[in-house]
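Overview (structure and organization)
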Amino acid sequence: MTTEQTTSPPRAGVGIVASGLGQHVRGGRQILDGVSLTIAPGEVVAIIGASGAGKTTLLETLAGIRRPGVGTVTSDGTAALGTIGFVPQDDIIHRELPLDRTLRYAARLRLPPGTTPAEVHRRVAEVLADLRLSERAAVPVGRLSGGERKRASIAVELLTRPGVFFLDEPTSGLDPAIAVDLLRTLRTLADTGTTVVLTTHQITDVDRCDRVIVLTRQGRLAFAGTPADARQFFGLRSLAEVHLRLDEETDQASWPDRYAARRDAGAPTRAADPGARTPASRPVGRLRQWAVLATRNAEIVARNRLTLAILLGSPLMVLGMFALLFRPGAFDPAQPSPTVTVMILFWIAFGGFFFGLTYGLLQICTELPILRRERLAGVRLVPYLLAKVAVLLPLLALVDLALLGVLRGIDRLPPVGGSDFAALYATLLLSSAAALALGLLCSAAVSDAAQATLMLPMLCFPQVLFVGAILPVPAMATGGQWLSYAMSNRWAFEGLGHTAGVERLWRDGGSPLGPPLLSTYGDSFSRPVWVNWLVLGGFVVLFLGATWAVLARREARRAA
């Protein structure tokens, strides 16, 4: 590969001007108060301050991730709009995939439409070389060291050659040697024109930066300038004591006021020139985003053997329990067992619900940091959600088919023909799809896997009690009857019962339990099966739409 192919052209950095920034959190507490500063193109700038001083809030506000409560942020430079790199404290890449595969997917989501596979390959190779990760390209991200994962997160952002790069605590948790190496990498990026802004608790990081921004515990700007000027301004030999010096002052406004007076006596803050930026490139289309995300999801599932074993193994375990629990011949027209048929149909319906729910429940909450960053890169929510469905629904289709096929083969289902078996399968698959959408909704509403796991029994119990199997719907109290309408499992249970012909079986069979049991269920199994399909399909659309709304609201609240 020639030098011309691997060397990226220098890019002019982006200058940033913040004026009078203020931010409040819930409860009205102010975390930024009147912050005004200027960051020149190509600088490495560190933001320091005590815990709770508003460092991350300032970083996100400068990056445009969070809207200013008060004040403005403007920028200039020759970088295109949208080419802002942001690396939060959390890992923003999937740990299951090899590093080069991770970067390829990221490149296909970020680089302009029409980028050829050869260009994607070349750009990934360039970024790996720039960050000295070429030898680790085939290693799964989860097996990289802490410093390598940090560089890998940076590599994702460098694919688009951003003009400005924001990093939240990039050296947190790294040993000193790795931290120094990472800062050298950031210094190299700045030397090629990229503006770098980072937050840090490690005061030793500051001396490797061009400028330092110091915030008080009240979120006010105490200083902005070179590290050497900062030591002189605070009267310190080392900035390690800057927080103590700020806290020693009885007047909280003393240092911010001194700095404001010093700044006002100097040169005026320059205004940014928004017109110097080039127009944003056209984002990747929805269909391409869906295809890339679906392919990536499939590879993640395939590479995580434990997850794949659970996804496919848990249905096999449930199927084994069904075979041990129910005797064959319950649907024998000559000698039916009405109570057993109820339980078989219910547990089949609940099995489809349970599989779908558990497949979806951990899909979003475990990758929220990744989703937030990819949303900044232009990924839309509809392709994201449909990509989840595109990978998980075929797995559910396979599991549901195996469940019905095996139960039919061991005489736990009625001897139905091909069309009725297809109807049973369609009902079960729609039930699984509705549960999958419900699982995605709950996963979007919580913040971590532990919360999602705690929701599992809360979601399952109503689907057992208010479906109509343990207690028929007509026999329920009025409140229970109304609640049963919201149970997707009810419509799957009744659809399976209609297709299995339980009304005819109970009425015409030889069991004396049939007619009285049928009367307690009323018209539960008399509806055409397409009505149940329509209701289940409505649940799918409703839950997916609600998932989109929850994610959009989370994003809006985070930006506020």
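Residues numbered from 1 in each chain as written. Predicted model: local features only at pLDDT ≥ 70, side-chain atom pairs only at ≥ 80, totals over all residues. Heavy atoms only, no water.

1. With respect to helix 11 (residues 305–325)
- Look at helix 11: 30 Å from first C-alpha to last across 21 residues, which is about the 30 Å you get at 1.5 Å a residue.
- Along its length, helix 11 shows its largest kink, about 30°, at Gly 313, and proline Pro 315 lies within four residues downstream of that point.
- Considered for burial, the residues of helix 11 that qualify are Leu 311, Pro 315, Val 318, Leu 319 and Phe 322.
- Here the buried face of helix 11 lies against helix 10 (286–303), helix 12 (338–361) and helix 14 (381–409). (Helix = DSSP H or I, 4+ residues; strand = E, 2+ residues; numbered from the N terminus. Expected span 1.5 Å × (residues − 1). Bend = angle between axes of the 7 residues up to and from the residue. Buried < 20%, exposed > 50% of the residue type's maximum accessible area, 1.4 Å probe, protein only. Contact = heavy atoms within 4.5 Å.)

2. Points about a nonpolar patch on the surface
- On the surface, a cluster of nonpolar side chains totalling about 500 Å² of accessible area is made up of Leu 287, Trp 290, Val 382, Leu 386 and Trp 548.
- For the nonpolar patch, the secondary-structure elements that each account for two or more residues are helix 10 and helix 14.
- Structurally, the position occupied by Val 382 is in helix 14. (Patch = residues over 30% accessible without salt bridge, like charges linked within 9 Å, V, L, I, M, F, W, Y side chains within 5 Å. Areas by Shrake-Rupley, 256 points an atom, 1.4 Å probe, with all protein chains shown as cover. Salt bridge = Lys/Arg side-chain N within 4 Å of Asp/Glu carboxyl O.)

3. Observations regarding helix 2 (residues 55–63)
- Among the nine residues that make up helix 2, eight are buried, leaving the element largely enclosed by the rest of the structure.
- Positive backbone phi, approximately 90°, marks Gly 64, located one or two places after helix 2.

4. Observations regarding the pairing of strand 6 (residues 164–168)
- Across the five residues that make up strand 6, a large majority, five, are buried.
- Every second residue of strand 6 is oriented toward a common face, with Val 164, Phe 166 and Asp 168 on one face and Phe 165 and Leu 167 on the other, all of them buried.
- Strand direction decides the pairing type here: strand 5 (residues 84–87) and strand 6, joined by four bridges, are parallel. For Phe 86, the partnering residue across the bridge sits in strand 6 and is Phe 166.
- Relative to strand 7 (residues 195–199), strand 6 runs parallel, the two sharing five bridges. (Pairing = 2+ DSSP bridges.)

5. Notes on the pairing of strand 8 (residues 211–215)
- Most of strand 8 is tucked away, with five of its five residues classed as buried.
- Side chains Arg 211, Ile 213 and Leu 215 of strand 8 all project onto a buried face; the interleaved residues Val 212 and Val 214 project onto the opposite face, where all are buried too.
- Across five bridges, the pairing between strand 3 (residues 44–49) and strand 8 is parallel. Within strand 8, the position partnered with Val 45 by the bridge is Arg 211.
- Relative to strand 9 (residues 221–225), strand 8 runs antiparallel, the two sharing four bridges. When the bridges of strand 9 are listed, Leu 215 appears paired with Leu 221.
- Turn length for the strand 8-strand 9 hairpin, with the two strands adjacent in sequence and antiparallel, is five residues, and the turn residue Gly 219 shows positive phi of about 80°.

6. What to know about the packing of helix 15 (residues 418–445) against helix 21 (residues 529–559)
- Contact pair helix 15 / helix 21: the axes reach a minimum separation of 8 Å and the direction vectors enclose 15°. One finds that helix 15 runs roughly parallel with respect to helix 21. In the packing of helix 15 onto helix 21, the handedness of the crossing is left-handed.
- Tallied by class, the residues present in the contact of helix 15 with helix 21 amount to 21 nonpolar, three polar and one charged. (Axes fitted to C-alpha atoms, helices over the stretch in contact; angles between N-to-C directions. Parallel < 35°, antiparallel > 145°, perpendicular 65-115°, else oblique. Left-handed = near helix turned anticlockwise from the far one by under 90°. Nonpolar A, V, L, I, M, F, W, Y, C, P; charged D, E, K, R; others polar.)

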